[in-house]
Amino acid sequence: MSDLLESVIAAHGGIDRWRDVRSVTTSLRSWGKTWLIKGHPHLFASAVTTIAATDRQAVQFQPFTGAGRRGFYSPERVQIETADGAVLQERTRPREAFKGHTIESPWDHLHCLYFAGYAMWNYLNLPFIAARPDVHAEEIEPWRDESGEKWRRLRLTFPSHIATHASVQDLFIDDNGLIVRHGYPVDIIPAPVAAHYVCGYADFDGIMFPTQRKVVPLDADSRPGPLDDPEGLLIGIELSGYTLA
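Being a predicted model, the structure only gives us computed values, none of them experimental.

**Some details on the pattern of salt bridges**
So, point 1. Counted under the stated rule, the structure contains 13 salt bridges.
So, point 2. Across the pair Arg19 and Asp16 runs a salt bridge, and its minimum N-O distance is 3.5 Å. Residue Arg19 and its partner Asp16 are located together in helix H2 (residues 15–19), separated by three residues, close to a single helical turn.
So, point 3. Asp16 gets classed as exposed once you look at its relative accessible area, which sits at 57%.
So, point 4. The salt bridge partner of Arg77 is Glu90, with a shortest N-O separation of 2.6 Å. Remark: Glu90 occurs in strand S6 (residues 87–92) and Arg77 occurs in strand S5 (residues 77–82); sequence separation between them is 13 residues.
So, point 5. Given a relative accessible area of 34%, Arg77 falls into the partly exposed group.
So, point 6. According to the relative accessible area criterion, Glu90 is partly exposed, its value standing at 43%.

Here you go:
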């Protein structure tokens, strides 16, 4: 494990504390241009309870698509069920359903469930998934943001069996060891690279979690759009009330 990764994991609560955690539950709201373009601006507009496992890629959203319904994500299958377990919709090999898509291609509810599922599993398990033996982490050259602040960077290379945005991603680290920006292309959405900012950290039962995430487009000079313009966000995420089990 690199020195930078060790300090980042320590700043977020430490690997020993994380090993005691089997799932992370939080209240999620999300909005932005991406959901609008894909035809589902209201899908996560109201609070949705989100439960992510830590020992496997599994996420549950409740409610999902309506009261009394819930969505289940895994890399191999997504499905929407009633409260008593009756399957309403399902899709196996869900990533294949994005083949041939353009940025304007509409999504159905199962597309949305897969995208939100793998994204939230990654977000809620960072930075600890970087310590997995099948994930390669190395420090690369630092980055100066638009205000001149210098951030160290950690580059992660994921194996093909982990569903994520892209195989290579960069974490931007502040002086406190916290992730403040996340850089990646999105393989299933052919769109220009954006900047994903992470903020509003608080301690929840010994683990530091962010309460806000903001994804903004980059201009031709790789400068991000304003973070305080809600209509300019590609995706905004609000997270609250984390509990660990």
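Picking up where we left off.
**Some points on the pairing of strand S2 (residues 48–53)**
So, point 1. The pairing of strand S1 (residues 23–31) with S2 spans six bridges and is classified as antiparallel. In the sheet register, Leu28 faces S2, and the bridge partner there is Val48.
So, point 2. As paired elements, S2 and strand S3 (residues 59–62) share four bridges and run antiparallel to each other. Within S3, the residue paired with Thr50 across the bridge is Phe61.
So, point 3. What sits between S2 and S3 in their antiparallel hairpin is a turn of five residues.

Conventions and cut-offs
- Counting of residues starts from 1 at the beginning of each chain's written sequence and follows it residue by residue.
- In keeping with the predicted nature of the model, local features appear solely for residues at pLDDT of at least 70, side-chain atom pairs appear and are counted solely at 80 or more, and the whole-chain, interface and lining totals rest on all residues.
- Calculated side-chain values reflect all of the structure's heavy atoms, with hydrogen atoms and water omitted.
- Counted as salt bridges are all cases of a side-chain nitrogen of Lys or Arg within 4 Å of a carboxyl oxygen of Asp or Glu.
- Runs of E in the DSSP output that reach at least two residues are strands. Runs of H or I that reach at least four are helices, and both are numbered from the N terminus.
- Throughout this description, buried means an accessible area under 20% of the type-specific maximum (1.4 Å probe, protein chains only), exposed means over 50%, and partly exposed covers the range between.
- DSSP bridges decide pairing: two strands pair if at least two such bridges lie between them.

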